[in-house]
Amino acid sequence: TFLNECFGSLRSPISRLKGSLRTSRDYRLSTSIFTHHTTPPFIHTPAMGLGKQAAEALRKEGNALFQKGQYAEAIERYSKAVMADPDDEKTFTNRALCHLRMEDFEKCCNDSQRAIELDGTKMKPYFFIGQAKHKLGLIKEAAKNLKRAADLAYEQDASSVTPIMQELGVVKRKLQKELEDARQIKQASLHEYLLKLMEKDYEAQVSKAADESDRMEAKSDHDRRKTELLLLFEKAEAETYRRREVPDSLCCKISFCIMSDPVITPSGISYDRKSIMDHFRRGQHFDPTTRKPMSQDDLVVNYALKECIDEFLQENPWAAILDS
């Protein structure tokens, strides 16, 4: 038939082509094309490893530049590494630190946040974004991220615990100051509001006064009430500020926060139980302050200090925010 003749005419050149390829290095691939009509067994693409390898090499170059203090050049390398592998948390973390050192806090926040989105179990990006938020004046957000960094540091990098807790201590005090400023504004507004009410009441009394004697009496009464109100607010303000600072003796020397379960060491120094137990779990069996050897068996509950702390918090409920 016509079709058989057509296919028959094709067999001969195909056979000759296969024969010419038989001795070449491409014979096996050519045979698979003729017989199976499938994709060749291996086609190299950039997605099969080269992107990650290039990103790692660029990140190492960035690390070397960072060690030399060449932050702008390091950022350039990290940025190229991100283009090669946009899913590497370490690159974003390293670039965030460069931005932090260069005081570009917005970019530090962006890179740290991206690192957290890729892997939320690492301590460093939380520490970096916490510092950047602090510099940007976002105190509540800074405290939240630094607290998370501190929690992770106990598990991942014991050497980072102290600097993180120091930063967190500063941030918490600034947070308390923000709350105090807001309280003062609210109190001033209340004072002004009460004075306006008293002024309206005085004007109403004057308008109803039958003679000069009544007006003078209303004026005297108005001045007396204004003075009493002022003294009342001054007394409240003095009481508020009487113990606005948290005494250092109530704070743990490891966490820098108010102790909830104070224990005393043989050296006579008190720590919060959780902090000192974490210290032991890291294999550090000595007093953090005096460096004298000790173990958890040497700890004794400091009942007297616990009573002082409870009394202080009861009289100063605002202080609880420092440990939240």
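Structure: see above.
Residues numbered from 1 in each chain as written. Predicted model: local features only at pLDDT ≥ 70, side-chain atom pairs only at ≥ 80, totals over all residues. Heavy atoms only, no water.

## Focus on the environment of Leu 118
Looking at where Leu 118 falls in the secondary structure, it is placed in helix 6 (residues 105–118). For Leu 118, a relative accessible area of 29% corresponds to the partly exposed category. C-alpha separation for the pair Leu 118 and Asp 88, spaced 30 residues apart in sequence, amounts to 7.5 Å. Not counting residues up to four positions away in its chain, the partners in contact with Leu 118 are Pro 86, Asp 87, Asp 88, Glu 89 and Phe 92. (Helix = DSSP H or I, 4+ residues; strand = E, 2+ residues; numbered from the N terminus. Buried < 20%, exposed > 50% of the residue type's maximum accessible area, 1.4 Å probe, protein only. Contact = heavy atoms within 4.5 Å.)

## Side note on the side chain of Ser 275
The residue Ser 275 is located in helix 11 (residues 273–281) in this model. A residue is classified by how much of its surface remains accessible, and Ser 275, at 5% relative accessible area, is buried. With residues up to four places along the chain from it excluded, the contact list for Ser 275 reads Tyr 154, Cys 252, Ile 254 and Ser 255.

## A few points about the pattern of salt bridges
When the charged atoms of two side chains lie near each other, side chains of opposite charge can form a pair. Considering all chains together, one arrives at 24 salt bridges under this definition. Residue Asp 87 pairs with Arg 114 through a salt bridge whose shortest N-O separation is 3.9 Å. Here Asp 87, found in the loop between helix 4 (71–84) and helix 5 (89–101), pairs with Arg 114, found in helix 6; they are 27 residues apart in sequence, far enough to count as distant. Judged by its relative accessible area of 30%, Arg 114 is partly exposed. Here Arg 225 makes a salt bridge to Asp 201, at a shortest N to O gap of 2.6 Å. Here Arg 225, found in helix 10 (residues 212–241), pairs with Asp 201, found in helix 9 (residues 161–208); they are 24 residues apart in sequence, far enough to count as distant. Here the salt bridges share partners, and the residues they tie into one network are Asp 201, Asp 221, Arg 224, Arg 225 and Glu 228. (Salt bridge = Lys/Arg side-chain N within 4 Å of Asp/Glu carboxyl O.)

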